[in-house]
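Architecture and fold: a report
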Amino acid sequence: ALLEGLNPAQRAAVSSTASPLCILAGAGSGKTRVLTRRVAWRAATGDLDPRHVLALTFTRKAAAELTSRLRELGLRDRVAAGTFHSVAYAQLRSRWADRGIQPPTLLDRKVGFVARILPMSAKDVPPIDLVAEIEWAKARMVEPQGYARAATAAGRRPPLEPTEVARIFAAYEEARRERRMVDFDDLLRLCRRDLLRDLEFARAQQWRFQHLFV
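First, a word on scope: everything that follows refers to the structure included in this document. Sequence order as written defines the numbering, with residues in each chain counted from 1. Local features in a predicted model are, by the rule used here, given only for residues with pLDDT of at least 70; side-chain atom pairs are given and counted only at 80 or more, and totals for whole chains, interfaces and linings are based on all residues. In computing side-chain properties, one takes all heavy atoms of the structure into account and sets aside hydrogens as well as water.

1. What to know about the overall build of the protein chain
- For the purposes of this entry, the term helix denotes a DSSP run of H or I that reaches at least four residues, the term strand denotes a run of E that reaches at least two, and both are numbered from the N terminus. Secondary structure summary: the protein chain contains ten helices and five strands in total.
- Its C-alpha atoms put the protein chain at 65 × 40 × 25 Å along the principal axes.
- Here the protein chain holds 36 positive side-chain charges and 24 negative ones, and the gap between their average locations is 4 Å. The charged-residue count follows a simple rule in which Lys and Arg add positive charge and Asp and Glu add negative charge, with His and chain termini not counted at all. Note on charges: their place is set at NZ of Lys, CZ of Arg, CG of Asp or CD of Glu.

Shown next, in the form of structure tokens:
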């Protein structure tokens, strides 16, 4: 039943015994269907325990679709599924709770925060344009001092001179840390850092998530 309605390429992707496995597929080719059917197929054939599966996607909409389809296949309550950011945040919250650490505040709306720290020379620039540059840099692990060089090399067209954007970026990071806040990009960075530095935390996650699907 798990192979019904699939074309030959999709069937091969679902039932392949290769691991790791990379599937190249374009838009509208049934990626979510293949991913969820593959999880269910491997569970049904005894190739994995769904309680040790982590299924990741990029957007909340896609995560909701993933969850819905897994539920239809009877796996929803046992498979961990979500966006990269939501899963990283859950892992961090668990680690903080285990160690009695007061969690930082999640800064989920940057525009107003950036607007309040803008210098007079940038008051006419829409804050959302500067947020876009900050997010572009943080997603690439570019620090404020390296922004101007990286933006120029990438052909970016920021709303201000790259050096000025770098100063605003630095001010944003300083103000965020002073208020003990983290943004969405920090969640990925902090989770990666803790997995690399905290062996106990890393081993716990490796035990819990033994099968990764993206």
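2. Comments concerning the packing of aromatic side chains
- Any pair of Phe, Tyr and Trp rings, taking the six-membered ring for Trp, is counted once the centres come within 6.5 Å. Such a pair is stacked with planes under 30 degrees apart, edge-to-face with planes over 60 apart, and tilted for the rest. A full pass over the atoms with the stated rule returns three aromatic pairs.
- A centroid spacing of 5.0 Å and a plane angle of 45° characterise the contact between Phe-58 and Phe-84, whose relative ring orientation is tilted. Of this pair, Phe-58 sits in the loop between strand E1 (53-57) and helix H3 (60-72) while Phe-84 sits in helix H4 (residues 84-98), placing them 26 residues apart in sequence.
- For each residue, the accessible area found with a 1.4 Å probe, counting protein chains only, is set against the maximum for its type, and the residue is called buried under 20%, exposed over 50%, and partly exposed in between. Since its relative accessible area comes to 65%, Phe-58 is described here as exposed.

3. Structural notes on the pattern of salt bridges
- Each salt bridge in this description consists of a side-chain nitrogen of Lys or Arg and a carboxyl oxygen of Asp or Glu lying within 4 Å of one another. What the rule picks out here adds up to 17 salt bridges.
- Between Asp-194 and Arg-95 there is a salt bridge, with its nearest N and O atoms 3.4 Å apart. You can see Asp-194 sitting in helix H9 (residues 184-197) and its partner Arg-95 sitting in helix H4, a full 99 residues away along the chain. Of the two residues, Asp-194 and Arg-95, both sit in the buried class.
- A salt bridge links Lys-138 to Asp-183; the shortest N-O distance between them is 2.8 Å. Of this pair, Lys-138 sits in helix H6 (residues 127-139) while Asp-183 sits in the loop between strand E4 (181-182) and H9, and the two are 45 residues apart along the sequence.

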